[in-house]
Each structure stands twice: as structure tokens, then as C-alpha cells.
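# Summary of the model geometry
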Amino acid sequence: MNKVQSFSLAVLAVMALSNCSKESSDPVDTAYPVIDISAANAFPKQCSTIKRGDKFTFITQLSDNAELGSLSVDIHHNFDGHSHSTEVKDCVSDPVKTAVKPFLFIQNFSIPPGQKSHQTAIEINVPADVDAGDYHFLIRVTDKEGWQTLKGLSIKLI
Amino acid sequence: MASLCLVPLLTIAQSPEYSIAASGPKGSPENSGPAGDVLKRLNQAAGVPLPVTVTPDTIPVADTVRRHPQRHHHLEEVVVHDNHVELRRKEESLNVEVVNREFILRNLGGSLMKTLERLPGVKTIGIGSGQSKPLIRGLGFNRVVVIDQGVKHEGQQWGADHGLEIDQFAVGEAEVIKGAASFIYGSDAIGGAIEIKPSPIPARNTFGGSVDLMGKSNNNLLGTSLNLYSRKDKWFFDSRFTYQDYSDYRVPANQVFVYDYAVDLHDNYLRNTAGRETNLHFNSGYVNGKFRTVFYLSNAFSKSGFFADAHGLEPRRVDSDLHDSSSRDILLPRQQVNHLKLINRSSYSFQRHRVELELGYQRNYRQEHSQYVNHGYMPSSYPENLGIPADLEREFDKNVFSVNLRDKLSAGRHEFTFGVNSEYQRNEISGWTFLVPSFRQATAGVFVYDKVRLHDKAFLHGALRYDHGQLRMFEYTDWFPSTLSGSSEFLTRAEDLRRSFNSLVWSAGLNYNPGKFELKANIGKSFRMPIAKELSANGVNYHYFSYERGKPTLDAEQSYQADLSLGLKANKWSVAISPFFNYFPNYIYLNPTSTHDYYYGAGNQVFEYDESRVMRYGGELQLNYKLSGALSAGLLGEYLYSRQLSGRKKGYTLPFSPPASALVNLTWSPPSPNLTDTYFSIDYRVTGSQNRIVPPEKKTAGSQVFHIQSGTFLMMGKQALQVSFQVQNVLNSRYLNHTSFYRLINLPEAGRNFVLSVKLPFQINKPINNEP
């Protein structure tokens, strides 16, 4: 029918219009930074174990399409099994228990300005007298525009 | 029994907003003509003394007509054309959409705002199946005012996880103003306003009510709304009870990914998204010719769960067996809100004046419950002697007192409105997390508005308003010590802070309606006082991995907006286009920065309130075409563009920018001898992709969804039974909604949903009971 045709034509016109107007691409950065733990020497990884009383080096590869912002590391106990692991793989967790002297590590690290890629090599001391068990190793990295990527790893202190 | 519905109908005709045309099987020339004359004749015939003056909103026009579609009268059938909506649109220079109960029943969504989402330019920011907040042309939160019975509805306007505590069954009519309307509603109406009007006051000598029953398949919702009203001569009451109970809702997915963390869904249910809602209303008042006073008492309670496998953006491991054993239980995390309201609305007309007064008291009491999880420097076990329940994450308790006074004065071509609005708020907080301090807020505004009738087809509008507001925030100190370079201390998160704001805004507009063509134009300045959160937030929102910091020096937000509306109507079609342009010299937004804060923010990313210049434009398109007597087609389109012109996010859009979308509708309303107002309607919504985003958003792909609506009136004896049926998301499409709270963790929108609602009005006592 003529009416139907003209109507659908109008519909198409509008859809086309709305399509072309949103094409105006902005030169703004919409890419999230990347945390890459796939390298052989990256540590910790999902389900890594760390010995109490030792120190370990946190090694990971950070990158961004434009410029990295800052890095924050948070290690806290997961004795209640609360989980904010962002990983596909589940680790074998210990039974739920009450914390006595849990290990807590919260630290910010600045990344030198202007970098698109940065490898961390941060030494972290784990005291010998803290509770053993399941912990979370939370990595937060931002880029200069404020995009943040998280990685929540499940680790075990033994 | 004859003139049952005549009395209310007749009286309306005295108002210029209604016209009457009498017609009937035999034709009745003596009963047509100018409304006043017809009225006089009909009134005499019905034995009603003249004059009767009633304001349009006192009369249940649609109701009475609908309720007895088949009734025979002594007099000929009278058809009332309710023009007040049309008139309102023609005499208002702002862009306004008015919806009635019919619309609400046809498009019944999980909440009033979800229902209104069908309107072009209206979107929602929602969580789950029962909670959502309005988003008008991309502006939401505190930039949209909701007016209920004349008084500004004050909820806890903090987060995207909040809903609006309004019972959609108690809404008689809802008016959506798209565009800056501060000059009439004060601060916050910078993006628009939604004015909710109650059902009309019952007709004289009536006693009746209605029973609404509804069911939804997706979230197994069962609900009812019972209404009982009565009016003698001058006194009336109108009461309502609404109850809804729904289970977890279902999405077209077996598994969703929160980040890379896989969450298996049991039978497609989103764990713990069930809820309950109980609403009570009691309105009572006195209506005389020139004086009326009505008390509105209401209490809205809702309790609903948050998706258990993530709290905010934070993946959570849950006891799936516990959650999956019942889809109706509401476990942790969850929210509950109780909103109590007592409003008195009075008006008195004398000479050329009409004085209106509204007095309101509201209490919004909101609690968010969650298992205690120690984040940052919080102790690993919850202390027993803290005095806050271990599952009370946040509590907001707000008490609000409001006064509005207006005088409408007709003077020749001018219709002046002088008004004063004032409000006082007291806000207390509790819970083991901290975001915003307790505060007090007092605001007052005076305005004058002039509507000039140049002639019947042209109006000019001008308004001027002055506001003053004061905010006082109270100190807050952490209940746990934080560690900084070895030493530990209790952090003071918020200092005592006092701010005051003054603002002068204005608006100018015109209407020109020569015949088929319709033109509206409006230009104005609006403002918004910063809210406590924007000035004084200083806490970690662990579920967002963000540390939110207010900026105590923020100015009141200003906005300049120009609106245009062009419409053309012909016999078979109509088209309307309404573009707008909007400029903010200082738009306040939460800016995610590149830094992390170790001290106050426990290592989280710093989100800081900031100001930037913002430009926005867009518009809506409405197209209707009558293909044949019973078949009609429609198109609703909307487009929005926003851009930050300065500041740290220069070049970016604003958060929660809805993508362009179009809704194509085909409606078939077959005439039938046994059924009245039967319709079958199909909606096809195409939503474009949204690639213009700002941290921490994600790009959202486009989507296509089909909805079906259908309904009719069945006669059951002398009562009409209204049946409405809907299928939402007919094809069970899996798609993401850019403005949904759960978008950031990739939760798809609700799957296919069958919605059935039935309304049975009844009248025990009819108007005019053979009274002498």
C-alpha cells in the first residue's frame, strides 16, 4: 500500500538520520589499560602460593594505548570466602575461618609519566607471623583519562 | 439511575477546558451547541441546580465514561471530549507529555518510570525489575524533579541503585516536562519535571471503587491494587492499597560474566533480585464551589534484593544452593525503603484570584543491608559494641517539610502566578560504611509567572524566580583506624561545612497554534544547588572500587536551554518535532581521575566531583498515520548528543547518555459490538549503539526488541471489566541497556515477560440516587 510504503520510508529516513549523526567520532580515548599476567616470569598468578616470612617480587606487564596513570595493590585475607576474583579459574579454597592476625597490604605506586607500557618489579615483604590461608591480590591500574582495569587474583599464604 | 454519569460530565462543561457534544441514536440537536448552553439544558433535565463550578481536575471524565460504556440514559448519550490535555499542551511553551491511567495500564512496567519510558525522550536508570529513576533527555538523578500532589518528592537521590517511591496505581495522570523548568519548580528541575496528579475527586453521592489484579511471568509477579472511594455532597475520601510480590527475574542467559568471572545462573534467574512492595493511600477532603481542601496520606514500602553474585561492580562468591532454593526470598545484599507522606492541598477562588496552598511532610527511610566484609583498613571481624547492626551497610533517614503558596490572578489578557516555595530537610546517616555526611538543608524561592493571551491562538510566557538555599553538613569520623606510614588514626572524613547559594533564573516562551500548525518556543535559565554528596562525599564505595571525593567549593549549577516544538496535524496524520539546545557553564559530575588514594581511599581510584562546560542538543520526533479506520501507525524517535567543552574530560560525553532510538508502533483497534476500546498493538524498538562513553562506562551495542500490547473492556453485567495484556521482549532477545545499573557488569536485560492486568471498577452507590 502507498501509505504503508510512505510510512516505512519515513521510518527508514529517521533511522538513517539517527545513524549518521552518531558517526561523528570523537578523538577521545575510550580504551581501558591492560594488566597482562601471561608472561612466564609474571608473579603472582591466579592460585599462586607465597611463603610467609619471605619477600616476593610482584611482576606484571601494564600497558595502555595512550598513557598509563597509576597502580594500586591490595592484598587482603579471604577467610570468609567473599571472593572478588575476576578470573575464570577457581582455586581450591580452605574452609571458612576467623582471622586472628591477617596480612593487609595496601599501597599505591606511581608510574613514570608518559609511559604506554610499564613492567612492575615491586618487592613485597610478607611477615612470618601473619595468618596463613586464602588471600586476594587485587591489582588496579588506571590510565591518564581515568579508565581503570582490575585484576583480582586468589593467592594462598603458606 | 438515568443520569448516573451525567452530573459529573455536565459540570465540567463550565470549564473552558472541556467541550460537550451531545449526540445519540436519534440525534438531538437541542442538546448540542456551546458547552454552557448544553450544560444548562442537561442540568435542568437532570434536576441539578445551576451554577455548578468545578475545576477540571475534580471530575472523573474518562472514568465515568468508560465505566458505563453501554448504559442507556433518559437523555441522549453525551460524548465528552476531554480537551484539558490538548489545551495544556497548546498553552504551555515547554515541551510537555501527559499520560493517563489508560497509558499506564497499557504499558505497565515494573515501576512508574519504567512505564513512562515509552515516551520519547524519557529513559530510566534502573536496577532489577522494580526500581528505576527517570532520565529525561539524558539528565537524571537530581536534575529531574518529581512532584507528587503538588509537593516535591524527596527520596535519597544518591545512587543509580535507587528507585522512586511512587505507587503507579495511584497515579491519575502524569505530566512529563522535558526541559529546564526551574522557574516553576525550583532547584533540581534543570533537566525536567514529572508531575504526578492523583485520580480525580469522586463525583457527588458516589460510593465505589475498583480492584486491580496483575501478574507477570518473567519475575512471577503477583499484585493487586484495591481502591475504595466515596463522596457525599462536599466531603469525600479515596483510599488505595497496593501490594506486589515478585521473584528473581530471568534473563536470556545461562551464564553471565562479571569481569572474566563466570557466574552460572540457575534457570536463568538473577539471584536475589526478588522484591516486595506495599503501598497505602488515604485521601480525604472537602470540596465546595470556591474552596477545597484535601489531605493526602500515603506510605510506600519496598524491599528488594541486589544481584547476589556481585555487589556493585565487585564479584562475590555466594552460597548458590541457599539462593537457588527459592526465587522469592530476599537475602543479602538488599535494600528497603519506606516513604511516608502527609500533604494538604487547598485552594480558594475569589474575584479574579485563585489561591493555592500545599503543606507537606515526608519521611524517607532507606536501609541497605549487606554482609559485613572488611575492606581497606576495616577490622577483619565486625566489632560487637559498635551499636550498628552487622548487616546495616548504609542508612539514610530524611525528614522534609514543604510549603508552597501560589496566587493565580487573571487580569485582562494576563494570567499572573505569584508563588513562594520553601523546604526544610533533615538528613541523618547510619551504617558501617560512609559516603555522605548528615546534613540539614533549607531552601526558599519566590517567582512570578505571566501568561499573556495575545488572542485565542497565541500566548506569550515570561517568568522570573529568585532562590536562596542553605546547606549545613556535619562532621564524620571513621569508627576504625587507618594506617599511614606505621601510625594509625581515626580519619575525619567530613568537616562541618556551611554553604549558601543564591540564584536568579528566568524563562520566556511563546505558543502559536493557527489551525493545523502548532509552534512552541521557550528559552530559559535554570539552576541546581549542589547536593551534600557533591560537596562533602569522602568515602570509599567499595562496590565500585572507587573513592568518591566531594568538592566543597562547587557553585550552583547553571543551565541555559532553548526548546522548540513544531507540530502539524491533518486528518489522517500528524507529525511533531521537538529539538532542543542546552548549555551548562558548570555541569557538576563525578570525574574518575588517574590517581589512587592510599590514605582516605584505601588504595582505590579517586573519583572527584568537578565542574565543566557542557553542550547538549537533541530532540524527539513523533509521527502518527491513520492507515484505515481501525489501523494506525506511529513512530517515536529520539536523539541526544552531549559533549564536555572543558575540564578533565573535555571532548567526552556525559555519563548515562542514552543512545539514539526509535519506536515503531502499529495499532489495530477493531470496532466491536460487544467489546469497547479493543486494541492490538505492536511496538518495535530499535536502539542504536552507544560508543560515546566516559570512564567508567562501557560501549554498548545496539539492540532490537519487540513488545505486544492488547486490551479490551468486557461487560460483566453492568460493570465493565478492563483487561490488558502485554508481552514484553517477545523474542526473548538478549541485549544490554546502556543506562542500566547492571550494565557495567554486563548483565542482560529481562527476557520475555507476559503481563496480564485486570481492572474491575464497581459502584455501590451511583451519583444522583433518585434524590428529590
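To be clear, the structure that these remarks concern was listed above.
Right, let's walk through the structure included here. Keep in mind the model is a prediction, meaning the values are calculated, not measured. (Residues numbered from 1 in each chain as written. Chains lettered and ligands numbered in written order. Predicted model: local features only at pLDDT ≥ 70, side-chain atom pairs only at ≥ 80, totals over all residues. Heavy atoms only, no water.)

## Focus on the overall build of chain B
A count of helices and strands for chain B gives 9 helices and 40 strands. Counting only residues that meet the buried cut, chain B has 60% of its 772 residues in that class. Across chain B, every contact between residues at least 6 apart in sequence was considered, and the portion connecting residues at least 24 apart equals 69%. Total accessible area on chain B stands at roughly 29100 Å², and carbon and sulfur atoms take up 57% of it. (Helix = DSSP H or I, 4+ residues; strand = E, 2+ residues; numbered from the N terminus. Buried < 20%, exposed > 50% of the residue type's maximum accessible area, 1.4 Å probe, protein only. Contact = heavy atoms within 4.5 Å. Areas by Shrake-Rupley, 256 points an atom, 1.4 Å probe, with all protein chains shown as cover.)

## Brief notes about the sheet that holds strand 8 (residues 151-152) of chain B
Residues and elements named next belong to chain B. Strand order in the open sheet formed by 5 strands is 3-9-10-7-8, with mixed pairing between adjacent strands. On the outer flanks of this sheet lie strand 3 (95-100) and strand 8, each paired with one strand and no other. Of the strands in this sheet, strand 3 and strand 9 (173-178) touch helix 4 (residues 84-91), which is tilted by about 15° from strand 9. (Pairing = 2+ DSSP bridges. Axes fitted to C-alpha atoms, helices over the stretch in contact; angles between N-to-C directions.)

## What to know about the pattern of salt bridges
Residues and elements named next belong to chain B. Under the definition given, this model contains 48 salt bridges over all chains. With its nearest N and O atoms 3.0 Å apart, the salt bridge here joins Glu 557 to Arg 528. Taken together, the residues span a long stretch of sequence, with Glu 557 in strand 32 (residues 557-569) and Arg 528 in strand 29 (residues 517-528) at a distance of 29 residues. Given the relative accessible area of 0%, Glu 557 is considered buried. The class for Arg 528 is buried, based on a relative accessible area of 1%. (Salt bridge = Lys/Arg side-chain N within 4 Å of Asp/Glu carboxyl O.)

## Quick word on the sheet that holds strand 6 (residues 117-125) of chain A
Residues and elements named next belong to chain A. If you trace the 3 strands from one edge of the open sheet to the other, you get 1-3-6, paired in antiparallel fashion. Strand pairing shows two members of the sheet lacking a second neighbour, strand 1 (34-36) and strand 6, which therefore form its edges. Across the sheet, the mean angle separating the axes of adjacent strands is 30° when strand polarity is ignored. Pairing of strand 3 (residues 55-63) with strand 6 involves 9 bridges; the strand directions are antiparallel. Looking at strand 6, one finds that Lys 55 is bridged to Asn 125.

## Some words on the packing of aromatic side chains
Aromatic ring pairs: the centre-centre distance and the angle between the two ring planes describe each pair. Residue and element names in this part refer to chain B. The final tally for this structure, using the stated rule, is 31 aromatic pairs over all chains. Taken together, a centroid distance of 5.9 Å and an interplanar angle of 20° make the contact between Phe 416 and Phe 418 stacked. Overall, Phe 418 belongs to the partly exposed group, its relative accessible area being 39%. Over the aromatic face of Tyr 365 sits the side chain of Arg 363, whose NZ or CZ is 4.8 Å from the ring centroid. (Phe/Tyr/Trp six-rings, centres within 6.5 Å; stacked < 30°, edge-to-face > 60°. Lys NZ or Arg CZ within 6 Å of the ring centre and 35° of its normal.)

## Considering the environment of Asp 188 of chain B
Residues and elements named next belong to chain B. By secondary structure assignment, the location of Asp 188 is in the loop between helix 7 (182-185) and strand 10 (192-197). Separated by 340 residues in sequence, Asp 188 and Arg 528 place their C-alpha atoms 4.8 Å apart. Discounting chain neighbours no more than four positions away, the residues touching Asp 188 are Asn 142, Arg 143, Val 144, Val 145, Lys 152, Phe 527, Arg 528 and Met 529. Separated by 3.4 Å, the side chains of Asp 188 and Lys 152 make a polar contact. Here Ser 187 takes part through its side chain, which lies 2.9 Å from a polar atom of the side chain of Asp 188. (Polar contact = N/O pair within 3.5 Å; in protein donor to acceptor, adjacent residues only side chain to side chain.)

## Quick look at the interface of chain B and chain A
Taken together, the contact pairs 57 residues of chain B with 52 residues of chain A. Approximately 4400 Å² of surface area, both sides summed, lies buried where chain B meets chain A, with 57% of it carried by carbon and sulfur atoms. Considering only the surface of chain B that becomes buried against chain A, Arg 317, His 596 and Tyr 652 of chain B emerge as the three largest contributors, covering 16% of it. Our count for the chain B to chain A interface comes out at 0 salt bridges. Sorting the residues of the side of chain B that touches chain A by element identifies strand 19 (314-315), strand 33 (573-597), strand 34 (604-626), strand 35 (631-644) and strand 36 (661-668) of chain B as the ones contributing at least two each. Taken together, the residues that form the side of chain B that touches chain A break down as 26 nonpolar, 17 polar and 14 charged. (Buried area = accessible area lost by both parts, 1.4 Å probe. Nonpolar A, V, L, I, M, F, W, Y, C, P; charged D, E, K, R; others polar.)

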